[in-house]
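Structural features, examined
Take a look at the letters that make up each chain.
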Amino acid sequence: MAKNVTQISREDLEELREAFNKIDIDNSGYVSDFELQDLFREASFSLPGFKVREIVEKFIAGDTNKDEKISFDEFVGIFQELKSKEVRETFRKMVSRKDGIFSFGGTSGISSEGTQHSYSDEEKVAFVNWINKSLAKDPDCSNLVPMDPDSDSLFKSVKDGILLCKMINLSQPDTIDERVINTKKLTTFTMNENLMLALNSASAIGCTVINIDPQDLKAGKPHLVLGLLWQIIKIGLFADIEISRNEALICLLQEGEELDHLLSMSPEELLLRWVNYHLNNAGWQPIRNFSEDIKDSRAYFHLLDQISPNGERDELCINIDMSGINERDDEKRAELMLTQAARLDARQFVTAHDVVAGNHKLNIAFVANLYNLYPALDKPSSNGIDLSLLEGESREERTFRNWMNSLGVRPYVNHLYSDLVDGSIILQLYERIQVPVDWRKVNRPPYPALGANMKKLENCNYAVELGKRVAKFSLVGVGGENINEGSSMHTLALVWQLMRRYTLMVLSELGAGEKVNDQVIINWVNDTLKEGGKDSSISSFKDQSISTSLPVIDLIATIAPNAIKEEIVKRENLSPEDKLNNAKYAISVARKIGIKVYALPDDLVEVKPKMVMTVFACLMGRGMMKADS
């Protein structure tokens with residue numbers, strides 16, 4: 001270990017190791033400056049903005065080998081340089097050990113031998129209770145649920161992949177064709193198939209599954225299981241916290257505020273606005289977060305009172321008993337509040353202790369579930385608002401966004417255009433396609449109050465310059481200002497070329513550097529189908545025969561014999577429903593045999609050339625790997 005590590009006490013070193021593991025959310029052995037910024041942003045309540053920026057800059061400067069990743073040794077060295085007692089104590093307070101944190105050794109190939117990983121018992125209990133309720137009536141899970149929240153049964157229950165597949169479909173319905181899940185007479189091979197299906201499907205809905213493989217899940221590694229489950233559950237909880245899914249959220253628009261600002265808010269920001277809207281109606285003070293400000297449960301009492309059914313809409317009237325708000329003991333008050341939540345069938349994710357402790361993750365899950373059950377918002381009159389602006393994202397936009405998030409970009413992309421206006425996400429994507437980025441030229445958040453947009457524009461200009469000069473993208477008429485302004489046409493032009501390059505990169509590597517284009521893929525598809533004795537073929541990625549998904553299904557059957565169950569496939573006199581069912585089946589089987597497909601079934605049925613290309617390119621990659629093995 002580097003010499004600077006030995007200069008601090010063993011106790012400090014242990015605390016720093018635990019802190020590092022908490023920040024290293026993708027279990028890579030490194031943290032990025034984006035992850036560090038998330039940490040300090042959470043701490044901004046106790047530090048002025050300039051101090052947060054100062055510390056972030058110190059961390060960035062401490063990246064000694066300029067690889068844009070910070071190892072544990074670099075992390076320790078930077079910490080030692082933070083001489084200010086105030087800053088050091090604040091930092092230690094943020095990452096200090098909490099009750100309910102369990103540690104265990106990890107010796108996976110992607111982490112250092114002997115690395116300590118920790119997991120929260122509170123999270124385990126919360127997730128088990130949620131899963132028990134969600135899957136209670138699923139016959140395929142009858143041997144798995146209910147699980148005992150006080151035991152480690154959760155970590156054993158994920159090993160066959162069924163539970164994970166079911167939870168993914170609960171969060172994003174129809175992601176997985178359940179005809180593809182192996183549910184009977186399970187063997188090691190069929191359980192691995194289920195786990196591969198779950199991981200690739202999780203990736204397709206925007207979960208980061210880098211550094212997780214079926215063996216990790218089969219072994220029930222707690223920090224990886226809980227991390228993946230939280231991503232899946234959160235995506236489901238946040239799915240409807242979106243103005244296009246509930247136009248009544250327009251009533252959260254504040255006086256003088258532009259609709260664009262509300263539309264660009266993350267689900268968590270909208271939740272906070274929603275809570276404060278109801279607290280304002282109750283005459284109660286607003287909250288600023290889902291940790292410190294909810295610890296006394298009083299805001300929750302008022303929220304429950306505001307959203308509970310009043311009987312005006314043909315529902316059963318439920319009057320919240322507010323007497324518990326006067327209880328002097330915080331934990332007893334929290335328990336009385338949760339008793340009222342239970343009357344709304346909304347006592348999920350948190351215990352009284354979790355509320356009093358201000359557990360951010362579990363409290364935001366609790367509030368998101370409340371919103372999904374009882375939004376209690378009335379759609380306002382349009383008041384001159386252009387309702388066409390409220391259209392939800394297209395399938396293509398959602399696919400691009402999920403692809404980005406699955407690669408672990410930070411911060412999480414909630415809105416394809418507004419979240420890319422500072423260029424930082426695009427620059428991270430360049431690194432994923434092996435286009436080098438000089439991070440010394442990049443402006444990092446948090447941006448200064450004055451001149452913030454100029455800093456973002458400089459990033460966007462650099463991103464477009466890299467695309468034209470280094471990546472050799474076709475970006476005629478695309479400038480940094482277009483990305484900075486959130487122009488959908490220009491942003492899509494750049495993002496598609498990033499995704500296309502990412503998709504084709506693996507093929508170039510397998511083909512010893514040979515440049516791969518559309519015709520190379522088409523020729524390979526047809527040659528492979530012919531060698532497999534199949535009748536199907538394609539003339540281009542616009543070939544209407546692709547709408548049946550039969551060329552995809554036949555190609556899978558050729559490169560992975562026994563993967564296709566022919567009795568499930570419809571081949572003649574196909575109705576629109578038959579075509580969609582074939583497409584669902586084809587994509588799920590592709591994921592099951594290890595192919596990371598981001599396209600959706602509708603993309604095949606409607607023969608969307610861009611997404612069709614990614615499907616065939618990924619199948620080609622799988623076929624070439626099989627040929628090389």
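Residues numbered from 1 in each chain as written. Predicted model: local features only at pLDDT ≥ 70, side-chain atom pairs only at ≥ 80, totals over all residues. Heavy atoms only, no water.

Counting its secondary structure elements, the protein contains 27 helices and two strands. Per-residue burial for the protein yields a buried fraction of 53% across its 629 residues. Partitioning the intrachain contacts of the protein with sequence separation of at least 6 by distance along the chain shows that 61% fall at a separation of at least 24. Surface exposure of the protein reaches about 29,100 Å², of which carbon and sulfur atoms provide 48%. (Helix = DSSP H or I, 4+ residues; strand = E, 2+ residues; numbered from the N terminus. Buried < 20%, exposed > 50% of the residue type's maximum accessible area, 1.4 Å probe, protein only. Contact = heavy atoms within 4.5 Å. Areas by Shrake-Rupley, 256 points an atom, 1.4 Å probe, with all protein chains shown as cover.)

A word on the packing of helix 11 (residues 222-238) against helix 17 (residues 360-373). Between helix 11 and helix 17, the least distance of the axes is 9 Å, while the angle of their chain directions is 35°. Seen from above, helix 11 lies across helix 17 with left-handed handedness. On helix 17, the residues touching W230, L237 and F238 of helix 11 are K361, I364, A365, A368, N369 and N372. The class makeup of the residues in the contact of helix 11 with helix 17 is six nonpolar, two polar and one charged. (Axes fitted to C-alpha atoms, helices over the stretch in contact; angles between N-to-C directions. Left-handed = near helix turned anticlockwise from the far one by under 90°. Nonpolar A, V, L, I, M, F, W, Y, C, P; charged D, E, K, R; others polar.)

Here we take up helix 20 (residues 452-469). Two residues of an α-helix separated by three or four positions point the same way, owing to the 3.6 residues in each turn. The end-to-end C-alpha separation of helix 20 is 26 Å, in line with the 26 Å expected for 18 residues at 1.5 Å each. Of all the residues in helix 20, the buried ones are A452, N459, C460, Y462, A463, V464, L466 and G467. Among the structural elements, helix 19 (424-432) and helix 21 (480-484) are those in contact with the buried residues of helix 20. (Expected span 1.5 Å × (residues − 1).)

Bringing the nonpolar core into the picture now. Counting 174 residues, the largest nonpolar core has L271, W274, F366, M404, Y430, I521 and F616 as its most contacted members. Of the residues forming this core, the biggest block, eleven residues, is contributed by helix 11. In contact with L271, other than residues within four places in its own chain, are F238, I241, F290, I364, V367, A368 and Y371. (Core = buried A, V, L, I, M, F, W, Y, C linked by side-chain atoms within 4.5 Å.)

Glancing now at the confidence of the model for the protein. In the predicted model, the protein carries a mean pLDDT of 87, and the fraction of residues at 70 or more is 80%. Contacts of residues 1-7 to residues separated by more than four positions or lying in other chains number eleven contacts, the stretch itself having pLDDT below 50. (pLDDT = per-residue confidence, 0-100.)

Two numbers describe a pair of aromatic rings. These are the distance of the centres and the angle of the planes. Tallied over the full model, the rule gives eight aromatic pairs. Geometrically, the ring pair formed by F127 and W230 is stacked, given 6.0 Å between the ring centres and 5° between the ring planes. Of this pair, F127 sits in helix 6 (residues 121-134) while W230 is found in helix 11, placing the two residues 103 residues apart along the sequence. An identical accessibility class is assigned to F127 and W230; each is buried. (Phe/Tyr/Trp six-rings, centres within 6.5 Å; stacked < 30°, edge-to-face > 60°.)

With that out of the way, let us pick up helix 15 (residues 330-343). Look at helix 15: 20 Å from first C-alpha to last across 14 residues, which is about the 20 Å you get at 1.5 Å a residue. By the burial criterion, the buried members of helix 15 are R333, A334, M337, L338, Q340 and A341. Axial view of helix 15: buried residues confined to an arc of 155°, hence all on one face. The inward-facing, buried residues of helix 15 abut helix 14 (298-307), helix 16 (352-357) and helix 17. Of the residues one or two after helix 15, D345 is the one with positive phi, at around 55°. (Arc of directions from axis to C-beta.)

A few words now on the side chain of D578. Within the secondary structure, D578 sits in helix 25 (residues 576-592). When sequence neighbours within four positions are dropped, the list of residues in contact with D578 reads K570 and N573.

So, on to the side chain of K166. When you line up the elements, K166 lands in helix 8 (residues 162-171). For K166, a relative accessible area of 3% translates into the label buried. There is a polar contact of 2.9 Å between the side chain of K166 and the side chain of D140. Those residues in contact with K166 that sit more than four places away from it in its chain are L135, D138, D140, C141 and E178. (Polar contact = N/O pair within 3.5 Å; in protein donor to acceptor, adjacent residues only side chain to side chain.)

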